Amino acid sequence: MKKGKTSILRQLTVTARAERQLLAQHLAGLGLHPGQDALLLSLAAQDGQSLAELAANLGVSAPTITKTVGRMSAEGFLEKRASTEDRRQNFAFLTDSGRLAASAARRAQREMEEAALAGFSQKQRRRLRKLLAKMARNLAPAAQESGEDEAASHSSVCLLYTSPSPRDRQKS
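Residues numbered from 1 in each chain as written. Predicted model: local features only at pLDDT ≥ 70, side-chain atom pairs only at ≥ 80, totals over all residues. Heavy atoms only, no water.

A. Representation of the overall build of the chain within the structure. Along the chain, the regular secondary structure elements total eight helices and three strands. Listing every helix and strand of the chain by position from the N terminus yields α-α-β-α-α-β-β-α-α-α-α. Scored against the burial criterion, the 172 residues of the chain give a buried share of 27%. For the chain, the share of sequence-separated contacts (at least 6 apart) that also reach a separation of at least 24 residues comes to 58%. (Helix = DSSP H or I, 4+ residues; strand = E, 2+ residues; numbered from the N terminus. Buried < 20%, exposed > 50% of the residue type's maximum accessible area, 1.4 Å probe, protein only. Contact = heavy atoms within 4.5 Å.)

Dropping the structure here:
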């Protein structure tokens with residue numbers, strides 16, 4: 001690497017940090033904390049998931065999801081219900097407020113992505129998506145060797161941006 005040049009991974013880290021900070025500002029305006037948007041969007045896609053399913057889908061620990069669901073229930077975004085078959089198992093459901101917040105969070109993410117990719121052609125966007133996916137695949141074996149679970153090695157916010165939309169999957 002030439003002197004004075006920033007490494008690609010360093011630039012990726014700087015970009016991800018800027019995205020997280022801007023997203024946190026948007027979420028705060030919705031009454032949400034970072035990561036709560038991922039939970040809302042997961043439930044918007046499939047309401048009534050068990051807390052264990054949510055934890056696995058979002059790559060977080062059971063205590064983290066339990067605390068987050070409790071907080072969001074208290075704030076009126078979710079309703080936590082015990083299983084009728086097994087009282088040890090709980091399920092999370094969106095409230096009307098939660099559905100509105102999920103919609104607003106999805107809209108904020110789309111707006112941020114559009115701002116970040118301003119000036120990129122559709123071809124450049126597809127190429128970037130493919131290159132980032134390849135980088136993730138290249139790094140996955142190293143994460144597995146170090147004992148990290150692949151899903152747990154990503155923040156929940158990042159998980160939202162690595163999954164292409166149905167429209168993007170059709171284009172690829």
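B. Seen up close, helix α6 (residues 122-145). Taking 1.5 Å per residue as the helical rise, α6 with its 24 residues ought to reach 34 Å, and the 36 Å between its terminal C-alpha atoms agrees with that figure. Along α6, the largest kink reaches about 30° and is centred on L139; proline P141 follows within four residues of it. Among the residues of α6, R125, A140 and A143 are the ones counted as buried. Contacts from the buried residues of α6 go to α5 (96-116). (Expected span 1.5 Å × (residues − 1). Bend = angle between axes of the 7 residues up to and from the residue.)

C. Looking closely at a positive patch on the surface. A cluster of basic residues, R127, K130, K134 and R137, forms a positive patch at the surface. Mapped onto the fold, R127 is located in helix α6. A residue is classified by how much of its surface remains accessible, and R127, at 52% relative accessible area, is exposed. (Patch = residues over 30% accessible without salt bridge, like charges linked within 9 Å, V, L, I, M, F, W, Y side chains within 5 Å. Areas by Shrake-Rupley, 256 points an atom, 1.4 Å probe, with all protein chains shown as cover. Salt bridge = Lys/Arg side-chain N within 4 Å of Asp/Glu carboxyl O. Lys, Arg positive; Asp, Glu negative; His and termini not counted. Charge placed at Lys NZ, Arg CZ, Asp CG, Glu CD.)

D. Quick peek at the pairing of strand β3 (residues 90-94). Where strand β1 (residues 49-50) meets β3, two bridges bridge the pair, whose relative direction is antiparallel. Residue S50 lies in a different strand from β3, and its bridge partner there is F91. (Pairing = 2+ DSSP bridges.)

E. Inspection of helix α3 (residues 51-58) at higher detail. Taken together, the buried positions of α3 are L51, L54, A55 and L58. Here the buried residues of α3 occupy an arc of 100° about the axis, which is enough to place them on one side. Relative to its buried face, α3 has exposed residues pointing more than 90 degrees away, namely A52 and A56. Within two residues after α3, G59 carries a phi angle of roughly 70°, on the positive side. (Arc of directions from axis to C-beta.)

F. Representation of the nonpolar core within the structure. In terms of nonpolar packing, the biggest core is built from 23 residues, with L39, L40, L54, I65, V69 and L78 touching the most fellow members. Broken down by element, the residue count for this core peaks at five residues, all from helix α2 (residues 36-45). Those residues in contact with L40 that sit more than four places away from it in its chain are L32, M72, F77, L78, L94, G98, A101 and A102. (Core = buried A, V, L, I, M, F, W, Y, C linked by side-chain atoms within 4.5 Å.)

G. Representation of the environment of Q49 in the model. Secondary-structure assignment places Q49 in strand β1. Along the chain, Q49 and N90 lie 41 residues apart, while their C-alpha atoms are 8.5 Å from each other. Setting aside anything within four residues of it in sequence, one finds Q49 in contact with S42, L43, L54, N57, N90, F91 and A92. In this structure the side chain of Q49 is engaged in a polar contact, spanning 2.7 Å, whose partner is the side chain of N57. (Polar contact = N/O pair within 3.5 Å; in protein donor to acceptor, adjacent residues only side chain to side chain.)

H. Representation of the sheet that holds β3. If you trace the three strands from one edge of the open sheet to the other, you get β1-β3-β2, paired in antiparallel fashion. On the outer flanks of this sheet lie β1 and β2 (78-82), each paired with one strand and no other. As paired elements, β2 and β3 share five bridges and run antiparallel to each other. If you follow K80 over to β3, its bridge partner there is A92. The strands that helix α4 (residues 62-74) touches are β2 and β3; relative to β2, the one it contacts most, it runs at about 120°. (Axes fitted to C-alpha atoms, helices over the stretch in contact; angles between N-to-C directions.)

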